[in-house]
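# Close look at the chain arrangement
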Amino acid sequence: MIFFKKSDLEKRAKAGDVSAILELARKGKREKAIKLLEEKENDPQLRKVLFDLYLEEGKDLQAYRLVEKYGEDVGTAKERALVAERIGNHDYAVKEYLRVGDWESLFRAGTILLAIHQPERALDVLQRSLSIAPPSERQKVEEKIEEAKKRLGLIEEKKESLLEKFRRGLKKTRESVEFGLIFRGRKVDDELFDELEEMLVKADVGVKTAVTIVEDLRKYAIRKNIKRSEDLKEETRKLILENLRGSEEKLEVTVEKKPEVILILGVNGSGKTTTIGKLAHRFIREGKKVLLVAGDTFRAGAIKQLEVWAERSGADIVRKEEGSDPASVVYEGMERAKEGSYEVVLVDTAGRLHTKEPLINELRKIKKVIQKHFPDQPSEVLLVLDSTTGQNAVQQAKVFKEALDITGIAVTKLDGSAKGGSIIAIWKDLKIPVKLVGVGEGIEDLEDFSAEEYVNALID
Ligand SMILES: Nc1nc2c(ncn2[C@@H]2O[C@H](COP(=O)(O)OP(=O)(O)O)[C@@H](O)[C@H]2O)c(=O)[nH]1
Ligand SMILES: [Mg+2]
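Computed from a predicted model, the values in this text were never measured in an experiment.

Bringing the overall build of the chain into the picture now. Per the secondary structure count, the chain includes 23 helices and eight strands. In terms of overall dimensions, the chain has C-alpha extents of about 95 × 60 × 40 Å along its principal axes. The proportion of buried residues among the 460 residues of the chain is 43%. A separation of at least 24 residues holds for 67% of the contacts in the chain among residues at least 6 apart in sequence.

What follows is about the site of ligand 1. Lining the immediate environment of ligand 1, one finds 18 residues, of which G271, K272, T273, T274 and G438 sit closest. Here the element with the most residues in the shell around ligand 1 is helix α17 (residues 272–285); it accounts for three residues. Class assignment of the residues belonging to the shell around ligand 1 gives a composition of one nonpolar, twelve polar and five charged.

What follows concerns the pairing of strand β5 (residues 380–386). Within β5, six of the seven residues are buried, which leaves it mostly tucked inside the rest of the structure. Direction of pairing for strand β1 (residues 260–265) relative to β5: parallel, over a ladder of four bridges. Looking at β5, one finds that I264 is bridged to L382. Summarising the sheet, β5 and strand β6 (residues 408–412) pair through five bridges and their orientation is parallel. Looking across to β6, one finds that L385 is bridged to V411. A crossover connection joins β5 to the parallel β6 through helix α21 (residues 391–403); in handedness this β-α-β unit is right-handed.

Below, the discussion takes up the nonpolar core. If you look at the biggest cluster of nonpolar residues, it comprises 82 residues, and the most contacted ones within it are L292, V293, V345 and L346. Grouped together as the second largest cluster of nonpolar side chains are 39 residues, A13, A84, L106 and A109 included.

Of all six residues in strand β2 (residues 290–295), six are buried, a share of seventy percent or more. Burial along β2 is two-sided: the residues V290, L292 and A294 and L291, V293 and G295 are all buried. Pairing analysis gives six bridges linking β2 to strand β4 (residues 344–349), with the strands arranged parallel. Residue L291 lies in a different strand from β4, and its bridge partner there is V345. Where β2 and strand β3 (residues 316–318) come together, three bridges link them in parallel fashion. For V293, the partnering residue across the bridge sits in β3 and is V318.

With mixed pairing, the eight strands of this open sheet are ordered in space as β3-β2-β4-β1-β5-β6-β7-β8. Two strands close off the open sheet at either side, each with one partner strand: β3 and β8 (446–448). Between one strand axis and the next, the sheet turns by 25 degrees as a mean value, whatever way the strands run.

Attention now moves to the packing of helix α20 (residues 356–373) against α21. Running from N to C, α20 and α21 cross one another at 45 degrees; their axes reach a closest spacing of 8 Å. Considered as vectors, α20 and α21 are oriented oblique to each other. Helix-helix and strand crossings are classified by hand; for α20 and α21 the assignment is right-handed. Contacts from K356, L359, I360, L363 and R364 of α20 reach α21 at V399, E402 and A403. Of the residues that constitute the contact of α20 with α21, the class distribution is five nonpolar, no polar and three charged.

Moving on, we come to α17. With 14 residues, α17 ought to run about 20 Å at 1.5 Å a step, and its terminal C-alpha atoms sit 20 Å apart, in line with that. Judged by how many residues are buried, α17 sits mostly within the fold: twelve of 14 residues are covered. Considered for burial, the residues of α17 that qualify are K272, T273, T274, T275, I276, G277, K278, L279, A280, H281, R282 and F283. One or two positions beyond α17, positive phi appears at G287, with a value near 90 degrees.

In an α-helix, one turn spans 3.6 residues, which is why side chains three or four residues apart end up on the same side. Residues of α21 that are buried include every one of A393, Q396, A397 and F400, and no others. The arc that holds every buried residue of α21, seen down its axis, measures 110 degrees, which confines them to one face. Those residues of α21 that are exposed and aimed more than 90 degrees away from the buried face are Q395, K398 and E402. Tucked inside the fold, the buried residues of α21 contact β1, β5 and α22 (422–430).

Put simply, Q377 and P378 share a cis peptide bond, and its omega is -5 degrees. Mapping P378 onto the fold places it in the loop between α20 and β5. For N225, which is not glycine, the phi torsion reads 55 degrees and is therefore positive. Assignment of secondary structure puts N225 in the loop between α15 (207–224) and α16 (233–243). One non-glycine residue, K413, adopts positive backbone phi at about 60 degrees. The exposure class of K413 is buried, given the 25 C-beta atoms found within 10 Å.

Glancing now at the environment of K227. Structurally, K227 is set in the loop between α15 and α16. Of the residues examined, K227 has 11 C-beta atoms within 10 Å and is grouped as exposed. Once the C-alpha coordinates of K227 and D189 are considered, the two residues, 38 residues apart in sequence, prove to be 8.5 Å apart.

Considering the arrangement of structural elements, one finds Y342 in the loop between α19 (326–339) and β4. Assessed through the 23 C-beta atoms surrounding it within 10 Å, Y342 is described here as buried. When sequence neighbours within four positions are dropped, the list of residues in contact with Y342 reads P259, K289, V290, L291 and A337.

Parameters at a glance
- Residues numbered from 1 in each chain as written.
- Chains lettered and ligands numbered in written order.
- Predicted model: local features only at pLDDT ≥ 70, side-chain atom pairs only at ≥ 80, totals over all residues.
- Helix = DSSP H or I, 4+ residues; strand = E, 2+ residues; numbered from the N terminus.
- Buried ≥ 20, exposed ≤ 12 C-beta atoms within 10 Å, placed from the backbone.
- Contact = placed C-beta atoms within 7 Å.
- Near = placed C-beta within 6 Å.
- Nonpolar A, V, L, I, M, F, W, Y, C, P; charged D, E, K, R; others polar.
- Pairing = 2+ DSSP bridges.
- Right-handed = clockwise from strand over helix to strand, strands pointing away.
- Core = buried A, V, L, I, M, F, W, Y, C linked by C-beta atoms within 7 Å.
- Axes fitted to C-alpha atoms, helices over the stretch in contact; angles between N-to-C directions.
- Parallel < 35°, antiparallel > 145°, perpendicular 65-115°, else oblique.
- Left-handed = near helix turned anticlockwise from the far one by under 90°.
- Expected span 1.5 Å × (residues − 1).
- Arc of directions from axis to C-beta.

Remember, this is a structural readout, not a statement about activity or role.
Below you can see the structure in the form of structure tokens.
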């Protein structure tokens, strides 16, 4: 009976019954509804419905095709601008946003202008936005204005050095584990070594590593006949650094490749999307054209979150609706990357560890899709690990290693707990180079890993 009803509905829809087409879409047969509407897009009313469906489904390219063909006859000016922004027609997007002229549209226009390296125009537009923005939104606009001013050299950029960044990131660790106190006027005896070992374990460097470091230090003290703890500091620093030898590698991106695809893996909540947002910002500041691909389709929130980062950083984005096949989103992403000659493509993924086999298969499939388009990509498979989860992070990594060859690790939330030593444990256990470190939730809180500065900040 139900089957009958359904096919009846489809028949009516096929015959051009508008309410039947809409009913079809409501019932989840969106693809079918879209197909039927596409045949009838000459009808202005149906064209509008089609445009809305495209937007909901994340079919930005198709939506943009309608905009190009029918102009103001589809969507609102803001929607048209948003579609243009997402697919990377920046000039059109800016023009439309300026025409709309509310604070938010001006803000969007300013952000795009910054991303396409027109800071002067950006500043002008953003100041106009600020003058009409509601109080609750002013901070957001002010931040962008500051960025524009920095780019124009109107205000000095207070550059935090790498050491300062790591020091800030390790603040909680240093507050909880005060290495500094040990190396200040203490007698060198068993108690001192025991305490140091305890501290290292507390900072989460791993028990074995802590024991080895302290054993070596003990031998050193005997050999050199050291009596004051001050004289052990430098050797401790060296011994820890020794444990990180080989761990440091840069995330290199060459623009000749066009594109370099970076695949981001990690369990939910580890910081993938945030790291992608920060990376997008970094690459755009370097003058690169950046595309984000929303491969985490499991939760609608995850897609939205990546959209927000795309808007914040000025990157373009390929996304589909919640529940889509991640590989198909990646497929569209690669097509877009090719057409738009992007230099960097950042692919977000879902990390639902409790479904281990499906996860592994999904990631392998994504890689295959990437390689179908670009045989020598992804250039990086970056595993994001949450430093606050300690040994758990290492266990998680093993599952991902089973799925794909990981080329680098991004350690996040260094600032989030007292487990700042976990980078050492992660390196010792996995022997995969640490390329990036997250030291906060801000867009600039991502750094290349430097073993030396890290250890300096830890021990200081
Ligand atoms: N303090 C701090 N929080 C972070 C950092 N990186 C990510 N987060 C936060 O961790 C949470 C999960 O991050 P998200 O990027 O959504 O993780 P995903 O599920 O792997 O995509 C968010 O609330 C982020 O703001 C970091 O370096 N420091
Ligand atoms: Mg995410």
